[in-house]
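Read off the chains here:
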Amino acid sequence: MISNIAELIADRIGTMPASERRAAQTLIAFYPMIGLKTVAEFSAAAGVSSPTILRFVARLGFQNYPEFQSSLQDELAAQLQSPATRTLNPPSPGGGTVSPMLEATLDNMRETFRHLSDKQLADIAARLADRRGKTFLIGGRFTDPLARYMAAHLAIIQPDVFHLAGQESMWRDRLIDMGKRDVLVIFDIRRYQDSLLRFAEKAHQRGVQIVLFTDQWLSPIARLARHVIAGRTAVPSAWDSSAALFVVAETLIVAVTRQLEAEGAKRIREMESLR
């Protein structure tokens, strides 16, 4: 699979000098639109020089700025695809139903974890295991089952874990309980949900740390998130697949459980005694 620009940045940002990191962070914060502006506009937004933008683009493997912008335009077109558009895609060569879907899903998992560092996963797990704050989880129309699944597991091993369900007005009511020590885990893949963005903005204003599970094209919530997990979701179907994000969620559940091993075991024993 060809890496998209957000994945290239994740792979290479550790080797970038400070000025290029600012360019990378600006692009991620306003992905992909800032990269579709002129070099001068991009450099002004990032607070760096125009030559820095060109060096940043070259570090990502592009020959020139137009080639970089062409790649971003292709990503934007893919991001805006609807299920109706994707049903028009021709079937994979070789026929069959199971094999192309299975292979694409396995490729998505491999690519997702290839661009996830052990440090990033450890940092997120440590934050989710921090007992000083509360954890809230929420998802979109098709991804909320992942939020509910993750919340159900985390709530067994630690208190103050809440899945936010129901109408948007009910989510907003919970903002009163959110503060700087708390974490909000959001699942949002294309086509991105405006109500989740509005909610994330309100939570961000209250100092809540946001962990975002999204796709390779990046939800607009990425600019507000402390941690971004960009999973591969495209498969030969009218529908995107959340399988890779599900496996990342399960990986984090395991990591948090290990960090809270003693407390979690005690809590489980007490739960069992109450049944």
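Residues numbered from 1 in each chain as written. Predicted model: local features only at pLDDT ≥ 70, side-chain atom pairs only at ≥ 80, totals over all residues. Heavy atoms only, no water.

## Section: the UniProt feature "domain: HTH rpiR-type" (unreviewed entry) in the protein
- The sites that UniProt annotates as "domain: HTH rpiR-type" (unreviewed entry) are residues 3-79.
- End C-alpha to end C-alpha, residues 3-79 measures 15 Å, and it is 69% helix and 0% strand. (UniProt positions renumbered as here; feature names shortened; annotations may be inferred. Helix = DSSP H or I, 4+ residues; strand = E, 2+ residues; numbered from the N terminus.)

## Comments concerning the side chain of aspartate 144
- Looking at where aspartate 144 falls in the secondary structure, it is placed in helix H9 (residues 144-157).
- Note on aspartate 144: relative accessible area 14%, which makes it buried.
- Each residue touching aspartate 144, except ones within four places of it in the same chain, is listed here: Ile138, Gly139, His163 and Leu164. (Buried < 20%, exposed > 50% of the residue type's maximum accessible area, 1.4 Å probe, protein only. Contact = heavy atoms within 4.5 Å.)

## Brief notes about the packing of H9 against helix H13 (residues 261-273)
- Closest axis-to-axis distance for the H9/H13 pair is 7 Å, and the angle between their directions is 90°. As far as their axial angle goes, H13 and H9 are roughly perpendicular. Where H9 abuts H13, its residues Ala155, Ile156 and Ile157 lie against Glu263, Gly264, Arg267, Ile268 and Met271. (Axes fitted to C-alpha atoms, helices over the stretch in contact; angles between N-to-C directions. Parallel < 35°, antiparallel > 145°, perpendicular 65-115°, else oblique.)

## Quick look at the packing of aromatic side chains
- Counted by the stated rule, this structure contains eight aromatic pairs.
- A centroid spacing of 5.3 Å and a plane angle of 25° characterise the contact between phenylalanine 136 and phenylalanine 162, whose relative ring orientation is stacked. Note that phenylalanine 136 is positioned in strand E1 (residues 135-139) and phenylalanine 162 in strand E2 (residues 161-163), a separation of 26 residues in sequence.
- Residue phenylalanine 136 is classed as buried on the basis of its relative accessible area of 0%.
- Taking relative accessible area as the criterion, phenylalanine 162 reaches 26% and is therefore assigned partly exposed.
- Joined through ring pairs, the aromatic side chains of Phe62, Tyr65 and Phe68 make up one cluster.
- The ring of phenylalanine 162 carries the charged tip of arginine 174 above its face, separated from the ring centre by 5.0 Å. (Phe/Tyr/Trp six-rings, centres within 6.5 Å; stacked < 30°, edge-to-face > 60°. Lys NZ or Arg CZ within 6 Å of the ring centre and 35° of its normal.)

## Describing the environment of threonine 251
- Along the chain, threonine 251 turns up in helix H12 (residues 243-259).
- Threonine 251 gets classed as partly exposed once you look at its relative accessible area, which sits at 32%.
- Through-space distance from the C-alpha of threonine 251 to that of tryptophan 217 is 22 Å; in sequence the pair is 34 residues apart.

## Things to note about helix H11 (residues 194-205)
- Taking 1.5 Å as the rise per residue, H11 with 12 residues should run 16 Å; its terminal C-alpha atoms sit 17 Å apart, in good agreement.
- If you check which residues of H11 are buried, you get Ser195, Leu196, Leu197, Phe199, Ala200 and Ala203.
- For H11, the secondary structure elements touched by its buried residues are E1, helix H10 (168-174), strand E3 (183-187) and strand E4 (209-215).
- Phi for glycine 207, located one or two positions after H11, is positive at around 85°. (Expected span 1.5 Å × (residues − 1).)

## Considering the side chain of threonine 52
- In this fold, threonine 52 is placed in helix H4 (residues 50-59).
- Classification of threonine 52 as buried rests on a relative accessible area of 4%.
- One polar contact links threonine 52 to serine 49, side chain to side chain, over a distance of 2.9 Å.
- Leaving out residues up to four positions away in the same chain, threonine 52 has contacts with Ser19 and Glu20. (Polar contact = N/O pair within 3.5 Å; in protein donor to acceptor, adjacent residues only side chain to side chain.)

## Points about the layout of surface pockets
- The volume enclosed by the largest pocket comes to roughly 720 Å³.
- Around the largest pocket, the lining is made up of 26 residues, and of these Ala10, Ile13, Ile28, Gln120 and Val228 lie nearest the centre.
- Broken down by secondary-structure element, the contributors of at least two residues to the lining of the largest pocket are helix H1 (5-12), helix H2 (18-29), helix H8 (118-129) and strand E5 (227-231).
- Considering only residue class, the lining of the largest pocket consists of 14 nonpolar, seven polar and five charged. (1 Å grid on protein atoms, 1.4 Å probe; cavity = no way out; pocket = protein on both sides within 12 Å on 5 of 7 lines; lining within 4 Å. Points joined across faces, edges and corners; volume = space filled by probe spheres on them. Nonpolar A, V, L, I, M, F, W, Y, C, P; charged D, E, K, R; others polar.)

## Considerations on the pairing of E5
- Of all five residues in E5, four are buried; the element is thus mostly enclosed.
- Note: E4 against E5, five bridges, orientation parallel. Across the sheet, aspartate 215 pairs through a bridge with glycine 231, a residue of E5. (Pairing = 2+ DSSP bridges.)

## Considerations on the pattern of salt bridges
- In total, this model carries 16 salt bridges according to the counting rule given.
- In this structure, the salt-bridge partner of arginine 114 is glutamate 111, at a minimum N-O distance of 3.0 Å. Taken together, the residues span about one helical turn, with arginine 114 and glutamate 111 both in helix H7 (residues 98-114) at a distance of three residues.
- For arginine 114, a relative accessible area of 47% gives the class partly exposed.
- Between arginine 275 and glutamate 272 there is a salt bridge, with the nearest N and O atoms lying 3.3 Å from each other.
- You can call arginine 275 exposed: its relative accessible area is 75%.
- The exposure class of glutamate 272 is partly exposed, given its relative accessible area of 45%.
- What emerges from the salt-bridge pattern is a single network uniting Glu7, Glu111, Arg114 and Arg232. (Salt bridge = Lys/Arg side-chain N within 4 Å of Asp/Glu carboxyl O.)

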